[in-house]
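Next come the chains, spelled out residue by residue.
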Amino acid sequence: MTEQQTVAAEGVVAEQKGARKLTGRVVSNKMQKTVTVEIERLIRHEPYGKFIRRTTKLLAHDEKGECREGDLVTIAPCRPLSRRKSWQLVEVVEKATGAPK
């Protein structure tokens with residue numbers, strides 16, 4: 001087994017060339033080992049050319065429970081862990097400011 005396959009077999013997100021990663025804001029961490037991440041993107045309205053914000057909420061696996069609401073995180077796809085959860089936390093890019101709840 002190669003090193004990359006070994007890392008992937010251990011459940012860690014494999015660092016592959018061109019692997020899809022998304023960055024978003026944590027909006028909920030009320031579940032055990034799961035966070036809700038809101039991904040925001042801009043699309044262009046065809047007839048008018050105005051840019052519109054679209055959001056997508058994804059559930060991501062947070063094994064260590066290190067995320068808090070408001071954190072900026074990077075997530076990557078993984079095998080389905082539940083009905084709606086098929087993303088895994090890669091890193092916390094920026095911690096939320098302010099006092100914890």
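Note that the coordinates shown come from a computational prediction; the quantities given were computed from them, not determined experimentally.

Visitor: What is the right way to look at the nonpolar core in this model?
Guide: Across soluble globular proteins, you tend to see nonpolar side chains buried next to one another. Among the nonpolar cores identified, the biggest contains twelve residues, and these are L22, V26, V35, V37, I39, L58, A60, C67, V73, I75, W87 and L89. Of all the secondary structure elements, the ones that give two or more residues to this core are β1 (22-31), β2 (34-44), β3 (51-61), β4 (72-77) and β5 (85-94). Every residue in contact with C67, bar those within four places of it in the chain, is listed here: V26, N29, V35, D62, V73, L89 and V92.

Visitor: Sorry, what's going on with the pattern of salt bridges here?
Guide: When the charged atoms of two side chains lie near each other, side chains of opposite charge can form a pair. Overall, the coordinates contain four salt bridges when judged by the stated rule. Ionic pairing is found between E63 and K33, a salt bridge with its closest N-O pair at 3.0 Å. Linking E63 in the loop between β3 and β4 with K33 in the loop between β1 and β2, this pair joins segments that are 30 residues apart in sequence. Among the residues examined, K33 registers a relative accessible area of 43% and is labelled partly exposed. Taking the shortest distance from any N to any O, the salt bridge between R53 and E40 comes out at 3.2 Å. A residue pair is termed long-range when its members are at least 10 positions apart, and R53 in strand β3 and E40 in strand β2 qualify at 13 residues. Overall, the relative accessible area of 57% leaves R53 in the exposed class.

Cut-offs and rules
Residues numbered from 1 in each chain as written. Predicted model: local features only at pLDDT ≥ 70, side-chain atom pairs only at ≥ 80, totals over all residues. Heavy atoms only, no water. Core = buried A, V, L, I, M, F, W, Y, C linked by side-chain atoms within 4.5 Å. Buried < 20%, exposed > 50% of the residue type's maximum accessible area, 1.4 Å probe, protein only. Helix = DSSP H or I, 4+ residues; strand = E, 2+ residues; numbered from the N terminus. Contact = heavy atoms within 4.5 Å. Salt bridge = Lys/Arg side-chain N within 4 Å of Asp/Glu carboxyl O.

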